[in-house]
Amino acid sequence: PPMLIDGKTVTFDHLAPITRKVRLELQGNIQTTVEVRFLFSCHCYSRGLVEGEVAKSGHEVPDGSEHDPRPREFDAERYALSHGLVALIDQLIASNGHVSKTTRTDRESFYRIDQVETQRDGTQRLVSYFIFFHATKMQEPERPRYLKVFVESAYPERDNIPHPGGCGGKSFAAMLGKTW
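Conventions and cut-offs
Here the residue numbering is sequential within each chain, running from 1 through the sequence in written order. Local features in this predicted model are restricted to residues of pLDDT 70 or higher, and side-chain atom pairs are both shown and tallied only at a pLDDT of 80 or more, whereas totals for entire chains, interfaces and linings draw on every residue. The side-chain quantities take in all heavy atoms of the structure and omit both hydrogens and water. In DSSP terms, a helix is any run of H or I states spanning at least four residues, a strand is any run of E spanning at least two, and both are numbered starting from the N terminus. Throughout, radius of gyration means the C-alpha value; the globule benchmark is 2.2 Å times the number of residues raised to the power 0.38. Exposed residues in this analysis have more than 50% of their type's maximum accessible area, buried residues have under 20%, and partly exposed residues fall in between, with area computed by a 1.4 Å probe over protein chains only. Should any heavy atoms of two residues lie within 4.5 Å, those residues are counted as being in contact. By convention a nonpolar core is built from buried Ala, Val, Leu, Ile, Met, Phe, Trp, Tyr and Cys residues, the set being connected through side-chain atoms within 4.5 Å. Aromatic contacts are taken between Phe, Tyr and Trp rings whose centres are within 6.5 Å, Trp giving its six-membered ring; a plane angle under 30 degrees counts as stacked, one over 60 as edge-to-face, and the others as tilted. In this scheme, the term charge over a ring applies when either NZ of a lysine or CZ of an arginine sits within 6 Å of the ring centre and within 35 degrees of the ring normal. Distance and chemistry together define a polar contact, namely a pair of N or O atoms within 3.5 Å, with one atom able to donate a hydrogen and the other to accept it when in protein, and with adjacent residues in sequence counting only for side-chain atoms on both sides. Any two strands with at least two DSSP-identified bridges between them are counted as paired.

To continue, consider the overall build of the protein. Along its length, the protein carries 3 helices and 12 strands. Relative to the globule expectation of 16 Å for 180 residues, the C-alpha radius of gyration of the protein, 17 Å, shows essentially globular dimensions. Along the first, second and third principal axes, the C-alpha set of the protein runs to 55 × 40 × 30 Å. In the protein, which comprises 180 residues, the share counted as buried stands at 44%. Considering only contacts within the protein whose residues lie at least 6 apart along the sequence, 59% involve residues at least 24 apart.

What follows concerns the nonpolar core. The biggest cluster of nonpolar side chains holds 41 residues, and the ones touching the most others in it are Phe38, Phe40, Phe172 and Leu176. It is helix H2 (residues 85-95) that contributes the most residues to this core, 6 residues altogether. If sequence neighbours within four positions are ignored, Leu176 has contacts with Val22, Leu24, Val36, Phe110, Ala135, Leu147 and Val149.

Time to look at the packing of aromatic side chains. Scanning all chains against the criterion turns up 9 aromatic pairs. With a centroid separation of 5.4 Å and 20° between ring planes, the pair formed by Phe110 and Phe133 is classed as stacked. Taken together, the residues Phe110 in strand E9 (residues 109-120) and Phe133 in strand E10 (residues 123-138) connect sequence positions 23 residues apart. Summarising the burial analysis for this pair, Phe110 and Phe133 share the class buried. Just above the ring of Tyr146 sits the side chain of Arg37; from NZ or CZ to the centre is 3.7 Å. Sitting above the plane of the Trp180 ring, Lys137 keeps its charged end 5.1 Å from the centroid.

Here we take up the side chain of His14. Inspection of the secondary structure assignment puts His14 in the loop between strand E2 (8-10) and strand E3 (18-26). Looking at His14, its side chain comes within polar contact range of the side chain of Ser82, at 2.7 Å. Once you skip the residues sitting within four places of it in the chain, His14 turns out to touch Tyr79, Ser82, His83 and Val86.

Our focus in this paragraph is the side chain of Ser100. Residue position: Ser100 is located in strand E8 (residues 98-102). Excluding residues within four positions of it along the chain, Ser100 makes contact with Ser109, Phe110, Tyr111, Cys167, Gly169 and Met175.

A separate point is the environment of Ser82. Mapped onto the elements of the fold, Ser82 is located in helix H1 (residues 76-82). Separated by 59 residues in the primary sequence, Ser82 and Arg23 place their C-alpha atoms 25 Å from one another. When residues no more than four places from it in sequence are discounted, the contact partners of Ser82 are His14, Leu15, Cys44 and Tyr129. Of the polar contacts made by the side chain of Ser82, one reaches the backbone oxygen of Tyr79; its length is 2.6 Å.

Our next topic: the sheet that holds strand E5 (residues 46-48). Strand order in this open sheet of 3 strands is E5-E7-E6, and the pairing throughout is antiparallel. The open sheet is flanked by E5 and strand E6 (60-61), the only strands paired with a single partner. Alignment of E5 against strand E7 (residues 72-74), held across 3 bridges, turns out to be antiparallel. Note on E7: the bridge partner recorded for Gly48 is Arg72.

Given below as structure tokens:
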């Protein structure tokens, strides 16, 4: 649902789920094209709070569950950059770009680093933009198998946020093929 941030209505239609046909690279030099559904988390437009911090009134973004809440705060820079996420994903698919496995989580996730322009302190800057993915093979009754790719987070490089650790770089098609 939309949020009212500093008197302005902020919508998230640009982060609605999307579906793409993606060519996968499987073992044995085999290729196949499958449906891939991309879903986006609130981490694409919000940031985590540091211990003891409270979100600015009206900027609260709920995350987690009722039993394990992880409050977050709306982040204007992340939100602005999130408008380009679908285009970056389409570019990643078209170029079969490079992604790396993450080493900082217990999940089989991977990430991509793009260079994007952002507005900071009144000036345009080129920064690294980290996009994190988690892929799951899905099977629903009476439907062909497909991949669900959850965009776990997307954020620009900042001094107080460490560069993601990674290993095992592969093409996007090979990384998805590993999940398939």
